[in-house]
Amino acid sequence: MKVFMRSAALAVGLLASPVALMAQAAVVGSKIDSVSTQTAANSTSINFVWTLVAGFLVMFMQAGFALVETGFTRSKNAGHTMTMNFMVYAIGMLAYWAVGFALRAGGIGALTTLGGYDGLNSEFSINIGGHAWGLFGMQGFFLTGVAYNASIFAYFLFQMVFMDTTATIPTGAAAERWKFSSFCIFTVFIATIIYPIYGNWVWGNGWLAALGRNVGLGHGHVDFAGSSVVHMTGGVLALLAGKLIGPRRGKYNSDGSANAIPGHNIPMALLGTFILAFGWFGFNPGSTLAGMDSRIAVIATNTMLAGAAGAITAMIYVWRRYGKPDPSMLANGMLAGLVAITAPCAFVTAPSAVLIGGIAGVLVCVAVVFIERNLKIDDPVGASSVHGVCGLWGVLSVGLLADGTYGDGTNGVAGGVRGLFYGDATQLAAQFIGIATNIVWVGLTGYAAWKITAMLTAGHRVSPAVEEHGLDLPEMGALAYPDQADLSSAVVISNDVKAA
């Protein structure tokens, strides 16, 4: 009997073991699934916070722009210049919220790093050669409907401050003679049409991004954080504004030679430059939209190196050429390096970042003089040189120096992004197409917007008397420095200036 009982117990144990093991496996599998789900949720949360904090940093760059532009202009216009930089944030934001964001990102598709939400999935496209070529988005107006979603709101905030950077760049080129009412209306055009459409073509599933997957030109036009979308767009608008509004009174002599018109506060401008450099750590690394992407360390360091290289080469250049290291050009040199590295920051090595920034530092010095003396365009802060010329160089540098270690899947193309020096000449071709498109699109639409604004405001330029005495009181109703009114330059010059 005892033998029988032992045998029965052994049989039951043998039969029960697989069931127990299966039950244990089920528990372990459930725990693994739970951990995986929690890890994914944590990754998304980290990416949300990273994207928002980066957006906050870029927003603070507006303070940097305000200080740089105001410092580089005269004290009698300080209140007007500062207010343009203040209000471009509010005006541009609401215009972009209402219309611009939908045109820019309405067909972007799934936001994979922010939870995978794919509500913005309507891109207006045309079909040519069996391929879709996107032109503009059609969802997300007023952040309602499918856009009423936390992922979209985070993405909107980050992208809005990029647009705001573009919109503020022309204020420097037209400073000290631009009507405030004209500035307000022109900003609306930038935020609703000019910036969003080109941004869609590069970042919103548009046709420039599709050059790679549709016709085999590298990864399409690649601009990681905005050398073309943000800075070239702003730079072309700055050049256009400076040309059409005309030079400040007294800038050029009858023989065409240029007079220096010094800014009133160089320390203010240098402080603004430091604030911009700090904000760039949100601008470039933040464009990953992923705090879990370890490449942010490479991007941040490349950004820092390029800015430093730009300041140093600008210092060496102006010191050797003019005998003194002009502080204003050192500031523009650093900004030039930062602008240039913005497109290639994720795709290049540290030595390449230094090279890109160093070239930009010299390039901006040459461009400032060329635009002022050869093109006869008065740009008080060098905006068209810093953002336009060096933005162009940054876009080209992707097509030359991208080393293929990053960017797999960019714009739907497998493999890392490679430039000419790393085996892919077609990437350089895509970069050139993006540059030419920017110049044509921004130039034509900017010109149309300028003319329409002029009709609505009876011209962009203040009267000669207002310009001579300063724009603060006539345009803004208050002096920036009421106890230090500087009218030393308020001598009415006989020759008038015609402006479009």
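What counts and what doesn't
For every chain, the first residue of its written sequence is number 1, and the numbers climb from 1 along that sequence. With the structure being a predicted model, the display of local features is reserved for residues of pLDDT at least 70 and the display and counting of side-chain atom pairs for 80 or more, all residues being used for whole-chain, interface and lining totals. To obtain the side-chain values, all non-hydrogen atoms of the structure were used and water was disregarded. Two strands are said to pair when DSSP picks up at least two bridges between them. Under the scheme used here, helices are H or I runs from DSSP no shorter than 4 residues and strands are E runs no shorter than 2 residues, and both carry numbers assigned from the N terminus. Values of pLDDT, which run from 0 to 100, indicate the predictor's confidence residue by residue. Contacts are assigned to residue pairs with any non-hydrogen atoms lying within 4.5 Å of each other. Pairing of aromatic side chains requires ring centres within 6.5 Å, counting the rings of Phe and Tyr and the six-membered ring of Trp. Pairs whose planes differ by under 30 degrees are stacked, by over 60 edge-to-face, and all others tilted. Summary of the burial criterion: residues with accessible area below 20% of their type's maximum are buried, those above 50% are exposed, and those between are partly exposed, where the area comes from a 1.4 Å probe applied to protein chains only. Residues belong to a common nonpolar core when they are buried Ala, Val, Leu, Ile, Met, Phe, Trp, Tyr or Cys residues joined through side-chain atoms within 4.5 Å. What a helix should span is 1.5 Å times the count of its residues minus one. A pairing counts as a salt bridge when a side-chain nitrogen of Lys or Arg comes within 4 Å of a carboxyl oxygen of Asp or Glu.

**Focus on the pairing of strand β2 (residues 131-137)**
For step 1, the next point in the chain: Sheet analysis places strand β1 (residues 123-128) next to β2, joined by six bridges and oriented antiparallel. Each residue of the ladder has a partner; that of serine 125, found in β2, is glycine 134.
For step 2, the next point in the chain: Counting the residues in the hairpin turn of β1 and β2 gives two residues, including glycine 129, whose phi is positive at 65°.

**As for the confidence of the model for the protein**
For step 1, the next point in the chain: The predicted model of the protein averages 92 in pLDDT, with 89% of residues at 70 or higher.
For step 2, the next point in the chain: Scored below 50 in pLDDT, residues 19-23 makes zero contacts in the model with residues more than four places away or belonging to other chains.
For step 3, the next point in the chain: Contacts of residues 488-494 to residues separated by more than four positions or lying in other chains number 12 contacts, the stretch itself having pLDDT below 50.

**As for the packing of aromatic side chains**
For step 1, the next point in the chain: Across all of its chains, the model carries 23 aromatic pairs by this definition.
For step 2, the next point in the chain: Considering the side-chain rings of tyrosine 96 and tyrosine 195, the 6.3 Å spacing of their centres and the 65° angle between planes classify their relative orientation as edge-to-face. Of the two residues, tyrosine 96 sits in helix α2 (residues 78-105) while tyrosine 195 sits in helix α4 (residues 180-203), which places them 99 residues apart along the sequence. With respect to class, tyrosine 96 is no different from tyrosine 195; both count as buried.
For step 3, the next point in the chain: Between phenylalanine 186 and tryptophan 450, the ring centres sit 5.4 Å apart and the planes meet at 80°, which makes this aromatic pair edge-to-face. With phenylalanine 186 in helix α4 and tryptophan 450 in helix α12 (residues 425-457), this residue pair connects regions lying 264 residues apart in the sequence. With respect to burial, phenylalanine 186 and tryptophan 450 carry one shared label: buried.

**Considering the nonpolar core**
The nonpolar side chains of a soluble globular protein tend to be buried with one another.
For step 1, the next point in the chain: Counting 114 residues, the largest nonpolar core has Phe101, Phe162 and Tyr195 as the members making the most contacts within it.
For step 2, the next point in the chain: Sequence-distant contacts of phenylalanine 101, that is, excluding residues within four places in its chain, are made with Tyr96, Gly106, Leu120, Gly140, Leu143, Ile152, Tyr155 and Phe156.

**Regarding the environment of proline 327**
For step 1, the next point in the chain: Among the secondary structure elements, proline 327 is positioned in helix α9 (residues 327-341).
For step 2, the next point in the chain: Expressed as a C-alpha distance, the spacing of proline 327 and leucine 270, which sit 57 residues apart in the sequence, is 7.8 Å.
For step 3, the next point in the chain: Leaving out residues up to four positions away in the same chain, proline 327 has contacts with Ile266 and Leu270.

**Observations concerning helix α8 (residues 295-322)**
For step 1, the next point in the chain: In this model, α8 (28 residues) spans 40 Å end to end at C-alpha, consistent with the 40 Å of a helix rising 1.5 Å per residue.
For step 2, the next point in the chain: Immediately beyond the C-terminal end of α8, within one or two residues, lies glycine 323, with a positive phi of roughly 90°.

**Points about the pattern of salt bridges**
Oppositely charged side chains are able to pair whenever their charged atoms sit close together.
For step 1, the next point in the chain: A complete count under the given rule lists seven salt bridges for this structure.
For step 2, the next point in the chain: Note that glutamate 176 is salt-bridged to arginine 248, the shortest N-O span being 2.5 Å. Residue glutamate 176 is found in the loop between α3 (150-173) and α4, and its partner arginine 248 is found in the loop between α6 (227-245) and α7 (266-283); the two are separated by 72 residues along the sequence.
For step 3, the next point in the chain: A relative accessible area of 4% places arginine 248 in the buried class.
For step 4, the next point in the chain: Measuring nitrogen to oxygen at the nearest pair gives 2.9 Å for the salt bridge that ties arginine 461 to glutamate 467.
For step 5, the next point in the chain: The class of arginine 461 is buried, set by a relative accessible area of 13%.
For step 6, the next point in the chain: The network of salt bridges with shared partners includes Arg74, Glu176, Arg248 and Asp378.

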